[in-house]
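Examining the three-dimensional arrangement
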Amino acid sequence: MTTTQTIPQLLTFDDYINQYPDDGQQYELIAGKLSAMMRPIGKHEEIGGFISMELGLEIRRRQLPYFIPNTAAVKPLRPHTGYLPDIIILDRENLVNDPYWETASSISLATSAKLIIEIVSSNWRDDYLKKFDDYEQLGIAEYWIIDYLAKGSARYIG
């Protein structure tokens, strides 16, 4: 008797944006698989709202060609990966060059983003290790990790 084993198909970033579930949940693409993200609650949500508001006010005050989208995915260089940062500041002038923006509200060019912010939650290792590395390899100019509960900062910063 011959047995066959099916090898699960890993999703590409294009699969991720074209087949994104319409169920109200947010997902990241991790190692070729959809990974449901926990909804920000409590202090996480409060901090994210505060930072977005303050950055938005500064963008307006300085009349910069930037904006903060509600949800925008980032395609890092690592294959089978896509992230939804907590906060991202995008540059309108550079988005015209990004092939993913108009069709998928996603970016793949470092010049499209001026700042990416992750607010640490239960997936703090991803923020400190994977995302930090991926954003750096992509060439993102500035990446902030807001670790208000010191989940990873004590280990990685001291």
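Quick summary incoming for the structure in this document.

Each value, and the rule that gives it
- Residues numbered from 1 in each chain as written.
- Predicted model: local features only at pLDDT ≥ 70, side-chain atom pairs only at ≥ 80, totals over all residues.
- Heavy atoms only, no water.
- Helix = DSSP H or I, 4+ residues; strand = E, 2+ residues; numbered from the N terminus.
- Buried < 20%, exposed > 50% of the residue type's maximum accessible area, 1.4 Å probe, protein only.
- Contact = heavy atoms within 4.5 Å.
- Areas by Shrake-Rupley, 256 points an atom, 1.4 Å probe, with all protein chains shown as cover.
- Patch = residues over 30% accessible without salt bridge, like charges linked within 9 Å, V, L, I, M, F, W, Y side chains within 5 Å.
- Salt bridge = Lys/Arg side-chain N within 4 Å of Asp/Glu carboxyl O.
- 1 Å grid on protein atoms, 1.4 Å probe; cavity = no way out; pocket = protein on both sides within 12 Å on 5 of 7 lines; lining within 4 Å.
- Points joined across faces, edges and corners; volume = space filled by probe spheres on them.
- Nonpolar A, V, L, I, M, F, W, Y, C, P; charged D, E, K, R; others polar.
- Pairing = 2+ DSSP bridges.
- Axes fitted to C-alpha atoms, helices over the stretch in contact; angles between N-to-C directions.

**Focus on the overall build of the protein chain**
Counting secondary structure elements, the protein chain contains 6 helices and 8 strands. Taken from the N to the C terminus, the helices and strands of the protein chain come in the order α-β-β-α-β-β-β-α-α-β-β-α-β-α. Residues classed as buried in the protein chain amount to 38% of the 158 residues present. Here the analysis covers contacts within the protein chain between residues at least 6 apart in sequence; of these, 59% occur between residues at least 24 apart. Approximately 9900 Å² of the protein chain is accessible, and the part contributed by carbon and sulfur atoms is 51%.

**Considerations on a nonpolar patch on the surface**
Together, F50, M53 and L57 make up an exposed nonpolar region whose accessible area comes to about 310 Å². When you line up the elements, F50 lands in helix α2 (residues 43-61).

**So, the layout of surface pockets**
A volume near 840 Å³ is recorded for the largest pocket. Taken together, 37 residues form the lining of the largest pocket, with Q26, M38, P40, H44 and D86 sitting closest to its centre. Looking at side-chain class alone, the lining of the largest pocket contains 15 nonpolar, 13 polar and 9 charged residues.

**Section: the sheet that holds strand β3 (residues 66-67)**
Read from one edge to the other, the open sheet built from 4 strands follows the order β3-β5-β7-β8, with strand pairing classed as mixed. The open sheet has two edge strands, β3 and β8 (143-146), and neither has a second partner. Strand direction decides the pairing type here: strand β7 (residues 113-119) and β8, joined by 4 bridges, are parallel. Among the inter-strand pairings, I119 is bridged to a residue of β8, identified as I146. In the packing of α2 onto the sheet, the strands contacted are β3, β5 (87-91), β7 and β8, and the crossing angle to β7 comes to about 160 degrees.

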